[in-house]
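Residue strings, one per chain:
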Amino acid sequence: MVLASSLCQGACVEPTMGKESGKVVVLDFWASPYAMRTKIALREKGVEFEVQEEDLWNKSELLLKSNPVHEKVPVLIHNNTPISESLVQVQYIDETWTEGASFLPTDPQSRATARFWADFADKTISFDGGRKIWGNKIGEEQDKGIKEFLESLKALENELGDKSYFGGETFSYVDIALVPFYSWFYALEECGHFSVEAACPKIVAWGKRCVERKSVADSLPESEKVYQQVLKLRQIFGVEECSKH
């Protein structure tokens, strides 16, 4: 069991009892940026939770039963009730454990804006978006994937501006949605032979700032470990190995 309250800083709070109490389990795969979101959110709220690591090539009966529609991680199980889809889980965590600052702003327009950018990240800076880079050999298709990836990051960088976080001075919803993909940047750079920092320095600075938070640092894997996982995926999909530059 992970005792999140001992790991958190900033917005994290002590575990609380009441209607929000009860066993919390995350069906996880360590390299999944979507599962990282859920773990960051739980740790930000100081929630005690257990992690059940899944083998995505031999999925457990619990995963198949808990998420029969998509059969994917993460699944958040609270009081034996499964909740699917990472952004839904982050909002559920925010609404269930209300101690401390909310992940979303109180103003409806600002909330809508935050949800837009989280959805934008889901559709662009995503596993599928990254796969256009690591899942292709050097050439036209990979170049197209890199161009799309960097264009999306630049749009996010423009939204970030000179703020510390997407929510201003507060680490919040969009940060939780996007920062897990920061752990994949190195692998994408090695496979695509490009530099995220050269194209989007403010995004990289923001990512480094986020990782200073214990909730993030304890939820994101080492970049080299992600890179080694990507090499395995490339082998599975029959793509030649990335050569380090």
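Residues numbered from 1 in each chain as written. Predicted model: local features only at pLDDT ≥ 70, side-chain atom pairs only at ≥ 80, totals over all residues. Heavy atoms only, no water.

The chain is annotated in an unreviewed UniProt entry as glutathione transferase from Camelina sativa. Database annotation for the chain, UniProt heading Catalytic activity (unreviewed entry): "RX + glutathione = an S-substituted glutathione + a halide anion + H(+)". Taken directly from UniProt, the Subcellular location (unreviewed entry) text for the chain runs: "Cytoplasm, Cytosol". (UniProt positions renumbered as here; feature names shortened; annotations may be inferred.)

A.B. asks: Break down the sheet that holds strand 1 (residues 24-28) for me, citing the residues and quoting the values.
C.D. replies: Within the open sheet, the 4 strands sit side by side as 2-1-3-4. Their pairing is mixed. Each edge of the sheet is formed by a strand with only one pairing partner; in this case those strands are strand 2 (50-53) and strand 4 (81-84). When the angles between neighbouring strand axes are averaged without regard to direction, this sheet yields 25 degrees. This element, helix 1 (residues 33-44), spans strand 1, strand 2 and strand 3 (75-78) of the sheet and lies at about 155 degrees to strand 1. (Pairing = 2+ DSSP bridges. Helix = DSSP H or I, 4+ residues; strand = E, 2+ residues; numbered from the N terminus. Axes fitted to C-alpha atoms, helices over the stretch in contact; angles between N-to-C directions. Contact = heavy atoms within 4.5 Å.)

A.B. asks: For the UniProt feature "domain: GST C-terminal" (unreviewed entry) in the chain, give the residues involved together with the corresponding values.
C.D. replies: Per the UniProt record, "domain: GST C-terminal" (unreviewed entry) is annotated on residues 107-233. Taken end to end, residues 107-233 comprises 70% helix and 0% strand; its first and last C-alpha atoms sit 42 Å apart.

A.B. asks: Any chance you could break down helix 5 (residues 127-134) for me, citing the residues and the numbers?
C.D. replies: Buried within helix 5 we find G129, G130, I133 and W134. Projected down its long axis, helix 5 shows its buried positions confined to an angular sector of 130 degrees, all on one face. As for helix 5, its buried residues are in contact with helix 6 (140-160), helix 8 (185-192) and helix 12 (223-236). (Buried < 20%, exposed > 50% of the residue type's maximum accessible area, 1.4 Å probe, protein only. Arc of directions from axis to C-beta.)

A.B. asks: Talk me through the domain arrangement of the chain; I want residue IDs and the actual numbers.
C.D. replies: Per the domain assignment, the segments of the chain are domain 1 (4-96) and domain 2 (108-236). The distance between the C-alpha centroids of domain 1 and domain 2 comes to 21 Å. With both chains or domains summed, domain 1 and domain 2 bury close to 2,200 Å², and 63% of this area falls on carbon and sulfur atoms. When the buried surface of domain 1 facing domain 2 is broken down by residue, W30, R37 and I40 rank first, second and third, together holding 27% of it. The interface formed by domain 1 and domain 2 includes 2 salt bridges. (Domains from an automatic or database assignment. Buried area = accessible area lost by both parts, 1.4 Å probe. Salt bridge = Lys/Arg side-chain N within 4 Å of Asp/Glu carboxyl O.)

A.B. asks: An account of the pairing of strand 2 is needed here, citing residue identities and associated values.
C.D. replies: As judged from the 4 bridges shared by strand 1 and strand 2, these two strands associate in the parallel manner. Of the residues in strand 2, the one forming a bridge with V25 is E50. With helix 1 bridging strand 1 and its parallel neighbour strand 2, the resulting β-α-β unit is right-handed. (Right-handed = clockwise from strand over helix to strand, strands pointing away.)

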